[in-house]
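# A look at the structure
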Amino acid sequence: MMNSLFLPRVSVGTDAYDAFADILPSAGTTCAIYYGEHAWKAAGGKVLSAMSRTGIRILEQQCYGKEASFENAQRIIDSSSAASADFLLAVGGGKCMDTVKYAGFVMHKPVFTCPTIASNCAPVTRIAIMYTQQGAFREIVQLSEPPRHCFIDLQVAAEAPDCYLWAGMGDTMAKHVEASFSARGDELAYGPRLGIKVSELCYEDILQYGARALADANRKQTSFALEIVVQNIIVTTGLVSVSVGADYNSALAHALYYGLSVRRDVAEHHLHGEIVSYGTLVQLMMDAQTKMFEEVYAFNRSIGLPLKLADLGLDINSDLSDVLEVTANNQELIHVPYPVTKEKILQAMKRVEQYRLDDGDLVE
């Protein structure tokens, strides 16, 4: 049996786009650029300036849309400019990345990425999380390969709205919690072993540097702490994703994200990593990982990430049957060490609700 291991290739720094001239020409002489509207305002000038020094001809530069949808990807696939381009360049957030990645996958073209916010690992992974045009979750598509190279401009990341970094830290911590849980009891091949060991950085570095990085981002300043956190959000989490494979990539924290996202107000008013950070607390409570639960709870409280369902605008005493149904039947719970039922999920959610850090114990 043959296994392929894809590791991220990344250039990071305040001058990361200067690496275009060394890296992009290996993919060809023409490209098509697709971007998020706000992202282009933040980084478009720097991208075009760096591209002008490569000798590469830009055949098209367009906004990809607003959702990572098959419809938006199809517009790229149907573009004659994209069809003629040697490669695609995505500039923006995770939904832009996944849209362009999926289009490149269908078109058999290499994709390069320039994330303008540090909120997720989409710039380096080989999956595309697709939604409807209205923003409801639709499907996770497994791609043949990840983006060819990722360029992370730290100044652009520092100047982005810091809510994305804030939510991204919640998503990143979940990677270690979920991957190690999903793999429990299995005899692991090299890739998953590597990924799960590396995932420890997703947890430890965010605990150590997260609050400092968020304070620096609030001042729009680059710093050592910000660089560490940004690389963990995008690169380390992505390395785990491409190494461990579908079985160990996620668990209850993300399954609960998809469940909670069926509520329109939650999906529209809360960021992905923000919702996932609440799911992390629920998973740790369900799994009786008391020490880690207390660490994550304290961290969430220190930077304002959710501690209870009310922080996401929902009432724990209301009818949550739709949320629980979607969560319990989500694909992220197919490979876990024991059955995760609706009853277990709800019980864990109620216990999270009752917990108070200052009490030093869980309230029964």
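Note that this is a predicted model, so its numbers are computed, not measured.

## Description of helix α14 (residues 321–328)
- Those residues of α14 that fall on the buried side of the exposure criterion are V323, L324 and T327. Taken end-on, α14 shows its buried residues confined to a sector of 95°, consistent with a single buried face.
- Where α14 is buried, its residues contact α10 (252–260) and α15 (342–354).

## Remarks on the environment of T99
- Within the fold, T99 resides in helix α5 (residues 94–107).
- Looking at T99, the relative accessible area reads 0%, which means it is buried.
- Counting along the chain gives 246 residues from T99 to I345, while the straight-line C-alpha distance between them is 32 Å.
- Every residue in contact with T99, bar those within four places of it in the chain, is listed here: Y64, E67, A68, S69, N72, A73 and I76.
- From its side chain, T99 meets the backbone oxygen of K95 in a polar contact 2.7 Å long.

## Re the pairing of strand β5 (residues 111–115)
- For β5, a buried count of 5 out of 5 residues is recorded, marking the element as mostly surrounded by other parts of the structure.
- Every second residue of β5 is oriented toward a common face, with V111, T113 and P115 on one face and F112 and C114 on the other, all of them buried.
- As paired strands, strand β4 (residues 87–92) and β5 are joined by 5 bridges and run parallel to one another. What sits directly across from L88, in β5, is V111.
- Handedness of the crossover joining β4 and β5 through α5: right-handed.
- The sheet contact formed by β5 and strand β8 (residues 149–153) spans 2 bridges and is parallel. When the bridges of β8 are listed, F112 appears paired with H149.

## Describing the nonpolar core
- Within the largest apolar cluster, 74 residues are counted, with the highest numbers of intra-cluster contacts made by L165, V230, I234, L260, Y278 and M349.
- Discounting residues that sit within four places of it in the chain, L165 has contacts with A118, A213, L214, A217, L226, V229, V230 and I233.
- Of all hydrophobic cores here, the second largest spans 23 residues; its members include A73, L88, A90 and Y102.

## A word on a nonpolar patch on the surface
- A surface patch of nonpolar side chains, amounting to about 320 Å² of accessible area, comprises L5, L7 and Y190.
- With respect to the secondary-structure elements, L7 resides in the segment before β1 (10–13).

## Some words on the packing of aromatic side chains
- Using the criterion set out here, one finds 12 aromatic pairs in the structure.
- Taken together, a centroid distance of 5.7 Å and an interplanar angle of 75° make the contact between Y209 and F224 edge-to-face. In this pair, Y209 sits in helix α8 (residues 190–218) while F224 sits in helix α9 (residues 224–244), placing the two residues 15 residues apart along the sequence.
- We note K95 situated over the ring of Y131; from NZ or CZ to the ring centre the distance is 4.4 Å.

## Some words on the pattern of salt bridges
- This structure, assessed with the given rule, holds 12 salt bridges.
- A salt bridge links D18 to R53; the shortest N-O distance between them is 3.0 Å. Of the two residues, D18 is situated in the loop between β1 and α1 (20–23) and R53 in the loop between α2 (37–51) and β3 (57–63); the sequence distance between them amounts to 35 residues.
- On the basis of relative accessibility, which here comes to 49%, the residue R53 falls in the partly exposed class.
- Measuring nitrogen to oxygen at the nearest pair gives 2.9 Å for the salt bridge that ties D322 to R263. One end of the pair, D322, is in helix α14; the other, R263, is in the loop between α10 and α11 (264–269), with 59 residues separating them in the sequence.
- Overall, D322 belongs to the partly exposed group, its relative accessible area being 31%.

Rules behind the numbers
- Residues numbered from 1 in each chain as written.
- Predicted model: local features only at pLDDT ≥ 70, side-chain atom pairs only at ≥ 80, totals over all residues.
- Heavy atoms only, no water.
- Buried < 20%, exposed > 50% of the residue type's maximum accessible area, 1.4 Å probe, protein only.
- Helix = DSSP H or I, 4+ residues; strand = E, 2+ residues; numbered from the N terminus.
- Arc of directions from axis to C-beta.
- Contact = heavy atoms within 4.5 Å.
- Polar contact = N/O pair within 3.5 Å; in protein donor to acceptor, adjacent residues only side chain to side chain.
- Pairing = 2+ DSSP bridges.
- Right-handed = clockwise from strand over helix to strand, strands pointing away.
- Core = buried A, V, L, I, M, F, W, Y, C linked by side-chain atoms within 4.5 Å.
- Patch = residues over 30% accessible without salt bridge, like charges linked within 9 Å, V, L, I, M, F, W, Y side chains within 5 Å.
- Areas by Shrake-Rupley, 256 points an atom, 1.4 Å probe, with all protein chains shown as cover.
- Salt bridge = Lys/Arg side-chain N within 4 Å of Asp/Glu carboxyl O.
- Phe/Tyr/Trp six-rings, centres within 6.5 Å; stacked < 30°, edge-to-face > 60°.
- Lys NZ or Arg CZ within 6 Å of the ring centre and 35° of its normal.

The values are spatial; any link to function lies outside them.
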